[in-house]
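This is what each chain is made of:
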Amino acid sequence: MWKKDYVFTSESVSEGHPDKVCDRISDAVVDAFLTEDNRARVAVETLCTTNYIVLAGEVRGPDHLTHERLIEVARHCVREIGYEQRGFHWKDADVVCRVHSQSADIAVGVDARDNKDEGAGDQGIMFGYACRETDVLMPAPIFYAHGILRSLAEARHSGAEPGLGPDAKSQVTLRYVNGKPVGATAIVVSTQHAEHLTADDVRDIVRPHVLNVLPEGWMCDEKHFYVNPTGRFVIGGPDGDSGLTGRKIIVDTYGGAAPHGGGAFSGKDPTKVDRSAAYAARYLAKNVVAANLAERCTIQLSYAIGVSHPLSVYVDTHGTGVVDEEQLSLALQRAMDLSPRGIREHLHLDRPIYARTAAYGHFGREPEPDGGFSWEKTDLVDALRSRFGAG
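Keep in mind that what you see is a predicted model, and the values were worked out from it rather than measured.

### Section: the overall build of the protein chain
Moving on, step 1. Along its length, the protein chain carries ten helices and 13 strands.
Moving on, step 2. Over its C-alpha atoms, taken along the principal directions, the protein chain stretches across nearly 65 × 55 × 35 Å.
Moving on, step 3. Within the span of the protein chain, comprising 391 residues, buried residues form 56% of the whole.
Moving on, step 4. Long-range pairs, those at least 24 residues apart, make up 72% of the contacts in the protein chain between residues at least 6 apart in sequence.
Moving on, step 5. Total accessible area computed for the protein chain in this model is approximately 16,600 Å², and 48% of it derives from carbon and sulfur atoms.
Moving on, step 6. Averaging the locations of the 42 positively and 55 negatively charged side chains of the protein chain gives two centres separated by 2 Å.

### Observations regarding the UniProt feature "binding site: ATP" (unreviewed entry) in the protein chain
Moving on, step 1. What UniProt calls "binding site: ATP" (unreviewed entry) maps, in this numbering, to His17, Asp167, Ala168, Lys169, Arg232, Phe233, Asp241, Arg247, Lys248, Ala264 and Lys268. A maximum C-alpha distance of 35.9 Å shows the annotated residues, which cover 252 residues in sequence, to be distributed over more than one spot.
Moving on, step 2. Dropping the residues within four chain positions of it, Lys169 is found in contact with Glu11, Ser12, Val13, His17, Leu149, Val188, Val189 and Ser190.
Moving on, step 3. Here Lys248 shows up in the loop between strand 11 (243-244) and helix 6 (249-252).
Moving on, step 4. Once residues within four sequence positions are removed from consideration, Lys248 is found in contact with Val13, His17, Asp19 and Lys20.

### Section: the UniProt feature "domain: S-adenosylmethionine synthetase C-terminal" (unreviewed entry) in the protein chain
Moving on, step 1. Here, the residues flagged by UniProt with the feature "domain: S-adenosylmethionine synthetase C-terminal" (unreviewed entry) are residues 235-377.
Moving on, step 2. Within the segment residues 235-377, helix and strand shares are 28% and 10% respectively, and the terminal C-alpha atoms sit 40 Å apart.

### Topic: the sheet that holds strand 7 (residues 124-131)
Moving on, step 1. One open sheet holds the three strands; their spatial order is 7-12-13, and the pairing between them is antiparallel. At either margin of the open sheet sits one strand with a lone partner, and together these are strand 7 and strand 13 (312-316). Across the sheet, the mean angle separating the axes of adjacent strands is 15° when strand polarity is ignored.
Moving on, step 2. Where strand 12 (residues 296-303) lies against strand 13, five bridges are found, and the strand directions are antiparallel. In the strand pairing of strand 13, Ile299 is matched with Val315.

### Points about the domain arrangement of the protein chain
When the parts of a complex come together, some accessible area is lost, and that lost area is often taken as the interface size.
Moving on, step 1. Structurally, the protein chain comprises domain 1 (6-13 + 139-237), domain 2 (18-110) and domain 3 (124-132 + 247-388).
Moving on, step 2. Averaged C-alpha coordinates put domain 1 and domain 2 at centres separated by 30 Å.
Moving on, step 3. Counting residues at the interface gives eight residues for domain 1 and seven residues for domain 2.
Moving on, step 4. Both faces combined, the contact of domain 1 with domain 2 buries some 550 Å², and carbon together with sulfur accounts for 56% of it.
Moving on, step 5. Interface area lost by domain 1 to domain 2 is led by Val13, Pro166 and Gly237, which between them contribute 59%.
Moving on, step 6. The interface formed by domain 1 and domain 2 includes two residue pairs in polar contact (both at pLDDT 80 or more).
Moving on, step 7. Mapped by element, the contributors of at least two residues to the side of domain 1 that touches domain 2 are helix 4 (140-158) and strand 8 (164-177).

### Comments concerning the sheet that holds strand 3 (residues 52-60)
Moving on, step 1. Reading across from one edge, 6-3-2-11 is the order of the four strands in this open sheet, with mixed pairing throughout. Each edge of the open sheet carries a strand with a single partner, namely strand 6 (94-101) and strand 11.
Moving on, step 2. Relative to strand 3, strand 2 (residues 41-49) runs antiparallel, the two sharing nine bridges. Looking across to strand 3, one finds that Glu45 is bridged to Ala56.
Moving on, step 3. Packed onto the sheet, helix 1 (residues 18-36) meets strand 2, strand 3 and strand 11 and runs at close to 150° relative to strand 2.

### Concerning the packing of aromatic side chains
Moving on, step 1. Summed over all chains, the structure comprises eleven aromatic pairs.
Moving on, step 2. Taking the centre distance of 5.7 Å and the plane angle of 70° together, the rings of Tyr144 and Trp218 count as edge-to-face. Placement of Tyr144 in helix 4 and of Trp218 in the loop between helix 5 (199-213) and strand 10 (225-227) is noted, with a sequence separation of 74 residues between them. For the residue pair Tyr144 and Trp218, the accessibility class agrees, reading buried in each case.
Moving on, step 3. Each ring, one from Phe265 and one from Phe363, has its centre 6.1 Å from the other, and the planes form 65°; the classification is edge-to-face.

### As for helix 10 (residues 381-388)
Moving on, step 1. Where helix 10 is concerned, the buried positions are Val381, Leu384 and Phe388. The arc that holds every buried residue of helix 10, seen down its axis, measures 70°, which confines them to one face. Those residues of helix 10 that are exposed and aimed more than 90 degrees away from the buried face are Asp382 and Ser386.
Moving on, step 2. Where helix 10 is buried, its residues touch helix 7 (273-290) and helix 8 (325-335).
Moving on, step 3. Following helix 10 by one or two positions, Gly389 adopts a phi angle in the positive range, close to 65°.

### Things to note about the environment of Val78
Moving on, step 1. Summarising the element assignment, Val78 is placed in helix 2 (residues 67-81).
Moving on, step 2. Residue Val78 is classed as buried on the basis of its relative accessible area of 1%.
Moving on, step 3. Measuring from C-alpha to C-alpha, the distance between Val78 and Lys91 comes to 8.8 Å, with 13 residues separating the pair along the chain.
Moving on, step 4. Apart from the residues lying within four places of it in its own chain, the contact partners of Val78 are Val21, Ile25, Ile53, Tyr83, Phe88, His89 and Trp90.

### Some details on the pattern of salt bridges
Moving on, step 1. Following the criterion strictly, the structure yields 24 salt bridges and no others.
Moving on, step 2. Of the charged contacts, one joins Arg247 and Asp19 as a salt bridge, the two residues approaching to 2.9 Å between their closest N and O atoms. You can see Arg247 sitting in the loop between strand 11 and helix 6 and its partner Asp19 sitting in helix 1, a full 228 residues away along the chain.
Moving on, step 3. Residue classification places Asp19 among the buried positions, given a relative accessible area of 2%.
Moving on, step 4. Measuring nitrogen to oxygen at the nearest pair gives 3.9 Å for the salt bridge that ties Arg341 to Asp337.
Moving on, step 5. Arg341 gets classed as partly exposed once you look at its relative accessible area, which sits at 27%.
Moving on, step 6. Sharing partners across several salt bridges, the network here consists of Arg203, Asp204, Arg207 and Glu222.

Rules of the game
- Residues numbered from 1 in each chain as written.
- Predicted model: local features only at pLDDT ≥ 70, side-chain atom pairs only at ≥ 80, totals over all residues.
- Heavy atoms only, no water.
- Helix = DSSP H or I, 4+ residues; strand = E, 2+ residues; numbered from the N terminus.
- Buried < 20%, exposed > 50% of the residue type's maximum accessible area, 1.4 Å probe, protein only.
- Contact = heavy atoms within 4.5 Å.
- Areas by Shrake-Rupley, 256 points an atom, 1.4 Å probe, with all protein chains shown as cover.
- Lys, Arg positive; Asp, Glu negative; His and termini not counted.
- Charge placed at Lys NZ, Arg CZ, Asp CG, Glu CD.
- UniProt positions renumbered as here; feature names shortened; annotations may be inferred.
- Pairing = 2+ DSSP bridges.
- Axes fitted to C-alpha atoms, helices over the stretch in contact; angles between N-to-C directions.
- Domains from an automatic or database assignment.
- Buried area = accessible area lost by both parts, 1.4 Å probe.
- Polar contact = N/O pair within 3.5 Å; in protein donor to acceptor, adjacent residues only side chain to side chain.
- Phe/Tyr/Trp six-rings, centres within 6.5 Å; stacked < 30°, edge-to-face > 60°.
- Arc of directions from axis to C-beta.
- Salt bridge = Lys/Arg side-chain N within 4 Å of Asp/Glu carboxyl O.

Okay, here's the thing in structure tokens:
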């Protein structure tokens, strides 16, 4: 039974969080290969710690994208994020590249040949979700947790708040009444800062960003507004804690409000269904809710390595749907080819659009003119309404 009155919490982390530094570098490598060849194959992970970065994984693409070039990509990412600190500096960090060619055993199962269509890059399950809690059809706690950190990052990059560092985390706890969010019961923000700033200084910097992001009247009381609870956050980023690609999968998706299949997104080209099928599932779920066919929708897709079609397409409207879920599943499969190739072509994923996804969530973003965040479009709404006679 779906609970109606409860509290729920989601967290976000900034672009300067060690794991997000790694996600950004891995996705920038994907973009570098897709810029040169939209059929390139990439599966690259990054590790970072104090002034040290390691790239590892497998690729298939142009030979001129050498280790030296990928090292340049990594340094550029660190510089854009804003790390020029003694313990982690874009120019001074040691960067090691151990990327190698893709396994022929994987390629033979994935590539199209003879009468065989392109297969999934791995087995797995992927989930998509949408709900009416926000205008972008995302769960409210993760939406506002992202928003707080984006606001702080914009102030840091613009120079409006030079005392802030790149590393930050947020946590938003919302109270729900009759299934709808009505206000925050607790807010936590931890942000790296310059040594000369006191705890009160940082609190005063953070507060207006929280107030501006939350709906009016939603702010929690001061007792439950926690800013840098340890009192000091000067040493941060990879110098304070190591980072690794793919460790923030709940931050990347729905903040725990929906299931997750377990596969990370960053560092993977769009033939990898961990990424592309999760985007497709979000796209379909969002269109279902935008078409007024449900208040909430969860979609699960499953795949086997080398197989070109999904093994299952599961739709759950959580008791809020106005049409039969089995019929809805069939309609969605007619509206979109859910093979790896079909997803990639429908959403135009063979483009260098991934570095921008590495922080502040892959979902709930605005579609961009160059094809970025294409999975956030609601261009199936008219077809779905027509199919079910919905207004």
